[in-house]
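# Descriptive analysis of the structure
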Amino acid sequence: MITLGINYSQMHDSSACIMRDGEVLFAVAEERLSRTKHDARFPELAIRACLDFAQVRPEEIDFICQGWSVPRTAYLHDLKCFATGRQPVNPRALLNSTRHFVSMWHQRSGENRFHRLFGPTKRSFRFVDHHLAHAISTYAFSGFDNAAVLVLDGRGAWEATSLWHGRNGFLDHVWTIPWPNSLGLFYAQFTDYLGFQAYSDEWKVMGLAPYGEPSVNLREFIIPDDSPYRVATHRLLGKDSAPTAGIEARLGPRRIPESEIDARHKNVAFAVQDSCEGAMLTLARAAVEKTGCRNLCLAGGVALNSKANGKILSEGLVDRIFVQPAASDDGVCLGAALAPYMDSGGKLPVRKMRHAYLGPEIPEEEIEKTLRTYKVRATRASDPAQTAAQLLADGKILGWVQGRMEFGPRALGSRSILADPRDPEMNAKVNNAVKFREWWRPFAPSLLAEVASEYLESATDSPFMILTAQVKPEKRSIIPSVTHVDGSARPQTVERDVNPLYWRLIHEFGARTGVPVVMNTSFNLRGEPIVCTPTDAIRTFFSSGMDALVMGNFVVEK
Ligand SMILES: [Fe+2]
């Protein structure tokens, strides 16, 4: 059975994937191909890439599944929120809500668009509830037979948070907290208040939080520990169309974007992260209690909060945790594509997702052709892992483009910028010269899975950089540039059989330096999507302060 999954909510992160008999063949977010960050348009390029990769014609697809359905009740739910004062009537919110109502009809136009672009198919479009698609996207890839499944996002068609119970391939709905009682909305409003882009820059608030102190009380905006949690939306949004007016009335003026960060901003960031962690711990406790299950699966944009995820595990609330690496809406296509397996009470195929290398690969000939086109002088490496390891050991900042591109927001050794984590100045060097991003944002380590317990307090499998762990105190000075100010790190544990080339690079770096750990950050400039093609990589390489580029077997040095 061939299924095509699509995320197209018209909000952000459109994507597509293609599966054969429940196995993912290919998945990519539209932004990587269109080069528009968080692209929300119909994922035409992503769908074309799926069909090309799988060598499948549209008429051969059995199901086309879109992870967004807009029931009439969603609009009625919004109206009820306005009427009861839970959601203040402001033009922006009303416009959004009306847009959702209208998009009930647009769903059909999306389907028509597919047929116009790609021709006839065996069956008609299928619309999958957004939270169900998120829930499948984590449970079916966790490898757990039995798991509590939490979906936490800004909003689905009408949902904010939901709990599901996965058992032997069956997934049952337990409860849903309707929007606007939403952790994603809470975090996004404060992200905006702190001068960053809501629903995009939440990372920045999370990174800033450890620099703050516990001096700001947010309990009038959120009660994180009143099971499950309560967000006071009417205070967050204020009474007029200014998005953060309610917060400003209580905490002072909003930070002007790009202006200086002061102690007040740091303390607000601390309080926001602390409240979110509190609510997520409360939810994890409730999920375990309700399902009687100590395996936890997470998805939804809020589940990208690696700090909170790590805390759920380190505080012993659960035994094992799986977070879908594409936890935000890009990953919804994975869940949507599996939804037909639940038809007539059917079972989901449950597999352990060991890697996220599901995107396009660049053939060696294409790399060579592109280098020739741009007249870039390159040498051929007999062993790119050894060459890269030596460059890193020499203190070079390296672009590393190999194999299939990662699916999800993290670069995991396919489209990465790598550097030496031992150099205490490297964090600032990469931030200033390459990424052009804020000074406080931490970099993450990739380390051999075999040495995780030597470097980390709670050594656990962390192949997707989505769980924060504490670096052992005696190792903090050895890898200072990937240890955050609070002693934490967001590690990627690299297994030899999952990514042999990347494993060998780190191993070779370890052989030269005694430290089998590299600094790994995504290969992109600030505000741009991660590079996909050789052209993207060359353009980014020459627009930044990187020293060398290892792409396939080719090495370019400045
Ligand atoms: Fe979502």
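Just above sits the structure.
Let me begin by describing the structure that accompanies this report.

## Topic: the overall build of the protein chain
Of regular secondary structure, the protein chain possesses 18 helices and 22 strands. Taking 558 residues into account, the globule formula puts the C-alpha radius of gyration at 24 Å, and the protein chain, at 23 Å, falls close to it. Its C-alpha atoms give the protein chain principal-axis dimensions of roughly 65 × 60 × 45 Å. Entry remark: accessible area of the protein chain is about 21200 Å², with carbon and sulfur atoms responsible for 50%. Looking at charge distribution, the protein chain has the averaged site of its 64 positive side-chain charges lying 2 Å from that of its 63 negative ones.

## Observations regarding the coordination of the iron ion
Angles between donor atoms at a metal ideally measure 109.5 degrees for a four-coordinate tetrahedral arrangement and either 90 or 180 degrees for a six-coordinate octahedral one. Note on the iron ion: its protein donors are His130 (NE2), His134 (NE2), Asp153 (OD) and Asp329 (OD). The metal-donor distances range over 2.2 to 2.3 Å. Along the chain, the residues donating to the iron ion fall in the pattern H-x3-H-x18-D-x175-D. One end of the pair, histidine 130, is in helix H5 (residues 130-142); the other, aspartate 329, is in the loop between strand S12 (320-323) and helix H12 (332-338), with 199 residues separating them in the sequence. With respect to class, histidine 130 is no different from aspartate 329; both count as buried.

## Notes on helix H15 (residues 426-435)
Within H15, the full set of buried residues consists of Met426, Asn427, Val430, Asn431, Val434 and Lys435. Along the axis of H15, the buried residues cluster in a sector spanning 135°; they form a single face. In the segment just after H15, phenylalanine 436 is the residue with positive phi, at about 50°.

## Considering the sheet that holds strand S4 (residues 63-66)
Read across the open sheet, the five strands follow the order S3-S2-S1-S4-S5; overall the sheet is mixed. Strand pairing shows two members of the sheet lacking a second neighbour, strand S3 (23-29) and strand S5 (125-127), which therefore form its edges. Taking the axes of each pair of neighbouring strands and ignoring which way they run, one obtains an average angle of 20° across the sheet. As judged from the six bridges shared by strand S1 (residues 2-7) and strand S2 (residues 15-20), these two strands associate in the antiparallel manner. What sits directly across from leucine 4, in S2, is isoleucine 18. Packed onto the sheet, helix H2 (residues 44-54) meets S1, S2 and S3 and runs at close to 25° relative to S2.

Reading the values: rules and limits
Residues numbered from 1 in each chain as written. Predicted model: local features only at pLDDT ≥ 70, side-chain atom pairs only at ≥ 80, totals over all residues. Heavy atoms only, no water. Helix = DSSP H or I, 4+ residues; strand = E, 2+ residues; numbered from the N terminus. Rg over C-alpha atoms; globule rule 2.2 N^0.38 Å. Areas by Shrake-Rupley, 256 points an atom, 1.4 Å probe, with all protein chains shown as cover. Lys, Arg positive; Asp, Glu negative; His and termini not counted. Charge placed at Lys NZ, Arg CZ, Asp CG, Glu CD. Donors = N, O, S within 2.8 Å, 3.2 Å for Na, K, Ca; no water. Buried < 20%, exposed > 50% of the residue type's maximum accessible area, 1.4 Å probe, protein only. Arc of directions from axis to C-beta. Pairing = 2+ DSSP bridges. Axes fitted to C-alpha atoms, helices over the stretch in contact; angles between N-to-C directions. Contact = heavy atoms within 4.5 Å.

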